[in-house]
Amino acid sequence: MKSRYLNVMAALVIMSLLLGLSGCGNKAEQETAQDTITVDTAVVKNLDITKYTGYIGRVKGSNEVAVMPNLSRRVTAVHVTEGQAVQQGQVIVSLDRSKLDAAVQQAEAAVTSARAALAANEVQKQTALENYNRMKQLHDAAAVSDQALEAAKAQYDALNTGAAEAGVAQAQAALSLAQQNLSDCEITSPISGIVGRVDVAVGDTASMQGPVAVINNTADLEIEVKVSEADISSIQSGTTVQVRIDAIGQEPFTGTIKSVASVADPVTRTYPVKVSLSNNDAAQVKSGMFAEVMLGTQRRTGVPGIPMVAVLPKSGENIVYIVNEENHAQAVVVEAGLNDGTYTEITKGLQVGQRVVTRGNTLIDENSVLNFVDGGTAQ
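Along each chain, residue indices are assigned from 1 in the same order as the chain's sequence is written. Predicted model: local features are reported for residues with pLDDT of at least 70 only, side-chain atom pairs are reported and counted for 80 or more only, and whole-chain, interface and lining totals are derived from all residues. Only hydrogens and water are set aside when side-chain values are computed; all heavy atoms of the structure are taken into account.

(A) Inspection of the layout of surface pockets at higher detail. The distinction between a cavity and a pocket rests on a 1 Å grid over the protein atoms alone: a 1.4 Å probe fits inside a cavity but cannot get out, while a pocket stays open yet meets protein on both sides within 12 Å along at least five of seven lines, and a residue with an atom within 4 Å of a point counts as lining. Grid points are joined across faces, edges and corners, and a volume is the space filled by probe spheres set on the points. As a volume, the second largest pocket reaches approximately 200 Å³. Along the walls of the second largest pocket sit 13 residues, with Thr-50, Ser-234, Thr-239, Thr-240 and Gly-296 positioned nearest its centre. Each helix corresponds to a stretch of at least 4 residues labelled H or I by DSSP, and each strand to a stretch of at least 2 residues labelled E; elements are numbered beginning at the N terminus. Broken down by secondary-structure element, the contributors of at least two residues to the lining of the second largest pocket are strand S2 (45-67), strand S9 (240-244) and strand S12 (290-307). With four residues, S12 is the single largest residue contributor to the lining of the second largest pocket. Amino acid classes used here: Ala, Val, Leu, Ile, Met, Phe, Trp, Tyr, Cys and Pro are nonpolar; Asp, Glu, Lys and Arg are charged; the rest, including Gly, are polar. Its residues assigned to classes, the lining of the second largest pocket comprises six nonpolar, six polar and one charged.

(B) Highlighting helix H4 (residues 163-183). Given a helix with a known number of residues, its expected span is that number minus one, times 1.5 Å. Taking 1.5 Å as the rise per residue, H4 with 21 residues should run 30 Å; its terminal C-alpha atoms sit 30 Å apart, in good agreement. Residues Ala-164, Val-168, Ala-171, Leu-175, Ala-178 and Leu-182 constitute the buried set of H4. On an axial view of H4, the arc spanned by its buried residues comes to 90°, and they lie on one face. Relative to its buried face, H4 has exposed residues pointing more than 90 degrees away, namely Ala-163, Gln-170 and Leu-177. Any two residues whose heavy atoms approach within 4.5 Å are treated as being in contact. Along its buried surface, H4 packs onto helix H2 (98-140) and strand S6 (186-188). Summary of the burial criterion: residues with accessible area below 20% of their type's maximum are buried, those above 50% are exposed, and those between are partly exposed, where the area comes from a 1.4 Å probe applied to protein chains only. In this description, the arc belongs to the directions extending from the helix axis to the C-beta atoms.

(C) Region of the structure containing the packing of H2 against helix H3 (residues 146-159). To get an axis, a line is fitted to the C-alpha atoms, and for a helix only the part in contact is used. The angle between two axes follows their N-to-C directions and goes from 0 to 180 degrees. For the pair H2 and H3, interaxial distance at closest approach is 8 Å and the crossing angle is 160°. Taken together, H2 and H3 sit at an angle that is classed as roughly antiparallel. For the pair H2 and H3, the crossing hand works out as left-handed. Residue-level inspection shows Asn-121, Gln-124, Lys-125, Ala-128, Leu-129, Asn-131, Tyr-132, Met-135, Lys-136 and His-139 of H2 in contact with H3, the latter providing Asp-146, Ala-148, Leu-149, Ala-152, Lys-153, Gln-155, Tyr-156 and Leu-159. Split by residue class, the contact of H2 with H3 holds nine nonpolar, five polar and four charged. Roughly parallel means an angle under 35 degrees; roughly antiparallel, over 145; roughly perpendicular, 65 to 115; everything else is oblique. Helix crossings are classified by the rotation of the near helix relative to the far one: an anticlockwise turn of less than a right angle makes the crossing left-handed, while a clockwise turn makes it right-handed.

(D) Spatial organisation of the pairing of strand S7 (residues 193-198). Relative to S7, strand S4 (residues 85-86) runs antiparallel, the two being bridged by two bridges. Bridge pairing in S7 places Ala-85 opposite Ile-194. Two strands pair under a simple rule: DSSP has to find at least two bridges between them. Across four bridges, the pairing between S7 and strand S8 (residues 213-227) is antiparallel. Directly across from Val-198, in S8, lies its bridge partner Ala-213.

(E) Quick look at H2. Counted at 1.5 Å a residue, the expected span for H2 with its 43 residues is 63 Å, and the 63 Å between its end C-alpha atoms agrees. Every buried residue belonging to H2 is among Leu-100, Val-104, Ala-107, Val-111, Ala-114, Asn-121, Lys-125, Ala-128, Tyr-132 and Met-135, and all of these are buried. Contacts from the buried residues of H2 go to H3 and H4. Within two residues after H2, Ala-142 carries a phi angle of roughly 60°, on the positive side.

(F) The side chain of Asp-96, seen in detail. Mapping Asp-96 onto the fold places it in the loop between strand S5 (91-95) and H2. A polar contact is formed between the side chain of Asp-96 and the backbone nitrogen of Ser-98, at a distance of 3.2 Å. Apart from the residues lying within four places of it in its own chain, the contact partners of Asp-96 are Arg-73, Arg-74, Thr-76 and Cys-185. As used in this structure description, the phrase polar contact means that two N or O atoms lie within 3.5 Å; if the pair is within protein, one of them must be able to donate a hydrogen and the other to accept it, and residues adjacent in sequence are counted only when both atoms belong to side chains.

(G) How the structure looks around the sheet that holds S6. Here we have three strands laid out as an open sheet, ordered S3-S5-S6, and antiparallel in their pairing. The two strands at the open ends of the sheet, each matched to only one other strand, are strand S3 (75-78) and S6. Mean inter-strand twist for the sheet, computed between neighbouring axes without regard to direction, equals 20°. Note: S5 against S6, three bridges, orientation antiparallel. For Val-91, the partnering residue across the bridge sits in S6 and is Thr-188.

No statement about biological role is implied by the geometric values presented.
Here is the structure:
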């Protein structure tokens, strides 16, 4: 009986040990599975890295004109709407011309009167000349006095001063001014383009200090930005730049630096830089929109570089996980230099050819088992 009891107890102990070992094995497998992290990697390469600085400017047509009236008068008609295409010389706004019509008629009458006076003066002048010549002959024959001869000459000289001619010129100038004022009542577009803005309505009084409309040619756009003296020396005309316009979307446009000022603005102490930007109907870029121009202000050529996402801040330092020969992660302290928003220069801590972890690096440590996305190893 005792022997049977001992056999049963021994069997129970053995089963407990087997179950314990099986549980430990499962736990170890679970821990191993938990420590296996799927990661992406990248190789340290020599790269050309450019630092970009964003400058904000406003988009406008490369040929944009604010149409200013030459007269301050009531608006009687607006012939265009915003967004409408116009041709150079096309009437866009009409002003009240009622009193100016009368002014032209009055000026025309004054010209007619002045010309009649000139004609009468010519006749009188010819008569006075003939009288003077006759008096001179009589004076030579001692038939008239010196005083009579002098009176005849004075009469001729008085008609030969040019006053009549001046009267005609003055009247013609007044007529030209009246006609110009009348013509200015029809305000025309100085260029061919698109009506970007209309600033008056029928019944308003047009002011010579403000535009009635803005006409621009948006086929070619221009953005002016004010660049600091620290960056201006690295900017050159003809360079291609990226332009972001949030009102249109996140996809950047490609522009070209059109001009770089060599003299700073005396007030802001910045240098105006103009960027040209082609436009089309699909782009929908409009004059007045804000744009950010990304200017390359610093550049490094052929320097060790890696994706910025591989660099992690830790305890006041920057670390990168490299993949060692055993395909394990190894933390390395690095010093980062210039970056372009995607890649960063590494000035210390890495060598070209090493592989670094770019995705999953926030989840790993040096004890982690790495599972590479490509299914292979990091070598």
